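Summary of structural features
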Amino acid sequence: MDEQPGLSGAPLDRRAELSEFLRTRRARLKPEDVGLPDFGRHRRVPGLRREELAQLAGVSVAYYTRLEQGNGRNVSAEVLDSIARALRLTDAEHAHLTHLAKPKHKKKQTARPQQVRVSLRQLLDTLDGVPAYVVGRRTEILAWNPMAAAVFGDWAELPAAERNWARLIFLNPDYRELYVDWEQKAIDIVCALRMDAGCYPDDPRLSALVGELSVKSEDFRRLWATHDVKEKSHGVKRLRHPLVGDLSLNFEGFRLAGDGDQTMVAYHAEPGSPSAEALRLLASWGVDATRAGAGSQAPSA
């Protein structure tokens, strides 16, 4: 197995991250995608050549080559914008490129434990029938309400270090059973960690987490190697709950004012749907539902 970044908990190599991100973004573009001729069998590299990308971005080949080799020093925001347009980056990918090429020093912030405001914890508890939680850096689960525990499992029973979405998804087999589309959930988690790595490459806890998952999970290694990044603030998740069966839940994510590294995620079912009735049942079972796990039986009526 190739050596994975962060195995020792040392900071992630920002230059290597920048290099691989640009290379993988360039490789996914075909010449015809950007109006260039495709020379078929004479093309020896996947995607666009460096000189083609440089031409599209309006920079010299030497300049782009230095950037793709990880040397982003003194690169201007205008040049990054041009490269982002040429690569057809999403907003999240553009932000990630900027973080990698022109990093802001946030090392001190990563040393401080994330705290959830008391008023926000109280708000979570008032959301009757609505599963909701707060997730922070490194996909750490910081706070949740009883309905979230009823749907996703009683995180209070886990050591604090294990209350982490990446650990749960890749290392806990119960969550493979819980998510109908486990692969998509895994992709979402890896994309979130990649965004964190761009913002906080010097975070030793993030590096250690990436290293551990790289050693223990082949799926994580596969997805981490794609260098994909995205922010998913809403959508639908389909679950296979051990007590109430299939659930289809809409979710909305809200970045919190005062701490952009914290997001509150809330789930709801379509009114009158079987999933809404299932949530009502879980709410009525209270602590019994919270203790649900794989293979659990429904509590007595």
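For every chain, the first residue of the written sequence is number 1, and numbering continues from 1 onward in sequence order. Only residues with pLDDT of at least 70 get local features here, since the model is predicted, and only at 80 or more are side-chain atom pairs given and counted; chain-wide, interface and lining totals rely on the full set of residues. To get the side-chain values, all heavy atoms of the structure are used, and hydrogens and water are removed first.

1. Some points on the overall build of the protein chain
Which entries qualify depends on this criterion: Only DSSP runs of H or I with at least four residues qualify as helices, and only runs of E with at least two residues qualify as strands; both kinds are numbered from the N terminus onward. Exposed residues in this analysis have more than 50% of their type's maximum accessible area, buried residues have under 20%, and partly exposed residues fall in between, with area computed by a 1.4 Å probe over protein chains only. Contacts are residue-level and defined by heavy atoms, with any inter-residue pair within 4.5 Å sufficient. Areas reported here follow the Shrake-Rupley algorithm with a probe of radius 1.4 Å; residue values treat only the protein chains shown as occluding.
A count of helical and extended segments in the protein chain gives 15 helices and five strands. Counting all 301 residues of the protein chain, 47% fall into the buried class. Here the analysis covers contacts within the protein chain between residues at least 6 apart in sequence; of these, 59% occur between residues at least 24 apart. In the form shown here, the protein chain has an accessible surface area of approximately 15,400 Å², with 50% of it arising from carbon and sulfur atoms.

2. Thoughts on the packing of helix α1 (residues 14-27) against helix α3 (residues 61-68)
Keep this limit in mind: Lines fitted to the C-alpha atoms define the axes, with helices restricted to the stretch that makes contact. Angles between their N-to-C directions range from 0 to 180 degrees. We call two directions roughly parallel when the angle between them is under 35 degrees, roughly antiparallel when it is over 145, roughly perpendicular when it lies between 65 and 115, and oblique otherwise.
It is the contact of α1 with α3, at a shortest axis distance of 8 Å, that shows an interaxial angle of 120 degrees. One finds that α1 runs oblique with respect to α3. The segment α1 lies against α3, with Leu 18, Ser 19, Leu 22, Arg 23 and Arg 26 engaging Tyr 64, Leu 67 and Glu 68.

3. Some remarks on unusual backbone geometry
For Thr 139, which is not glycine, the phi dihedral falls at a positive 60 degrees. One non-glycine residue, His 227, lies in positive phi territory at about 60 degrees.

4. Looking at the pattern of salt bridges
Where we set the bar: By salt bridge we mean one thing: a side-chain nitrogen of Lys or Arg within 4 Å of a carboxyl oxygen of Asp or Glu.
If you walk through the whole model with that rule in mind, you get 22 salt bridges. The residue Glu 231 makes a salt bridge to Arg 255 at a minimum N-O spacing of 2.6 Å. Of this pair, Glu 231 sits in the loop between α13 (218-224) and β3 (234-241) while Arg 255 is found in strand β4 (residues 245-256), placing the two residues 24 residues apart along the sequence. Take Glu 231: its relative accessible area is 48%, and that puts it in the partly exposed class. Within the structure, one salt-bridge network assembled from shared partners comprises Arg 25, Arg 28, Glu 93 and Asp 228.

5. Thoughts on the nonpolar core
Put simply, the rule reads: Side-chain atoms within 4.5 Å link the members of a nonpolar core, which is a set of buried Ala, Val, Leu, Ile, Met, Phe, Trp, Tyr and Cys residues.
By size, the foremost hydrophobic cluster in this structure holds 44 residues, and its most contacted members are Tyr 133, Phe 152, Trp 155, Trp 165, Ile 169, Phe 170 and Tyr 179. Those residues in contact with Phe 170 that sit more than four places away from it in its chain are Trp 182, Ala 186, Ile 189, Val 190, Leu 213, Ser 217, Asp 219, Phe 220 and Leu 223. Among the nonpolar cores identified, the runner-up in size contains 27 residues, and Val 79, Leu 80, Ala 84 and Leu 100 belong to it.

6. Observations regarding helix α11 (residues 182-199)
Each α-helix winds once per 3.6 residues, and so residues spaced three or four apart point in a common direction. Keep this limit in mind: Here, expected helix span is obtained from the residue count minus one, scaled by 1.5 Å.
Spanning 18 residues, α11 covers 26 Å between terminal C-alpha atoms, matching the ideal 26 Å at 1.5 Å per step. Counting buried positions over the 18 residues of α11 gives 14, a clear majority of the element.

7. Observations regarding the packing of helix α4 (residues 77-87) against helix α5 (residues 91-101)
Applicable threshold: By definition, turning the near helix anticlockwise from the far helix through less than a right angle yields a left-handed crossing, and turning it clockwise yields a right-handed one. For this classification, the nonpolar set comprises Ala, Val, Leu, Ile, Met, Phe, Trp, Tyr, Cys and Pro, the charged set comprises Asp, Glu, Lys and Arg, and every other residue, Gly included, is treated as polar.
The N-to-C vectors of α4 and α5 enclose an angle of 140 degrees; their axes lie 10 Å apart at closest approach. One finds that α4 runs oblique with respect to α5. Our pair here, α4 against α5, has a crossing hand that is right-handed. Listed contacts from α5 to Leu 80, Asp 81, Ile 83 and Ala 84 of α4 are His 94, Leu 97, Thr 98 and Ala 101. Residue composition of the contact of α4 with α5, by class: five nonpolar, two polar and one charged.

8. Some points on the environment of Leu 97
Position of Leu 97 among the secondary structure elements: in helix α5. Considered as a pair, Leu 97 and Phe 21 are 76 residues apart in the sequence and their alpha carbons are 7.8 Å apart. Once residues within four sequence positions are removed from consideration, Leu 97 is found in contact with Leu 18, Phe 21, Leu 22, Leu 80, Ile 83 and Leu 89.

9. A word on the environment of Arg 117
Definition in use: Side-chain atoms alone can form a polar contact between residues adjacent in sequence; in general such a contact is a pair of N or O atoms within 3.5 Å, and within protein one must be able to donate a hydrogen while the other accepts it.
Relative to the elements of secondary structure, Arg 117 occurs in the loop between α6 (107-111) and α7 (118-126). Taking the C-alpha atoms as reference, Arg 117 lies 9.8 Å from Ala 143; in sequence the two are 26 residues apart. Of note is the side chain of Arg 117, whose polar atom sits 3.4 Å from the backbone oxygen of Ala 257.

10. Examining the confidence of the model for the protein chain
Here is the rule: Confidence scores here are pLDDT values: one per residue, from the predictor, ranging 0 to 100.
The predicted model of the protein chain averages 86 in pLDDT, with 86% of residues at 70 or higher. Throughout residues 293-301 the model reports pLDDT below 50, and contacts reaching past four residues in sequence, or to other chains, amount to 13 contacts.

11. Focus: the layout of surface pockets
Which entries qualify depends on this criterion: In this analysis, the protein atoms alone were mapped onto a 1 Å grid. Cavities are point sets where a 1.4 Å probe fits without being able to get out; pockets are open sets with protein on both sides within 12 Å along at least five of seven lines; lining residues have an atom within 4 Å of a point. Grid points are joined across faces, edges and corners, and a volume is the space filled by probe spheres set on the points.
Estimates place the volume of the largest pocket at around 770 Å³. As for the largest pocket, its lining consists of 30 residues, and the residues nearest its centre are Val 135, Ala 192, Lys 232, Arg 255 and Thr 263. Of all the secondary structure elements, the ones that give two or more residues to the lining of the largest pocket are β1 (132-135), α11, β4 and β5 (259-268). Among the elements that take part in the lining of the largest pocket, α11 stands out by supplying eight residues, more than any other. By residue class, the composition of the lining of the largest pocket is twelve nonpolar, seven polar and eleven charged.

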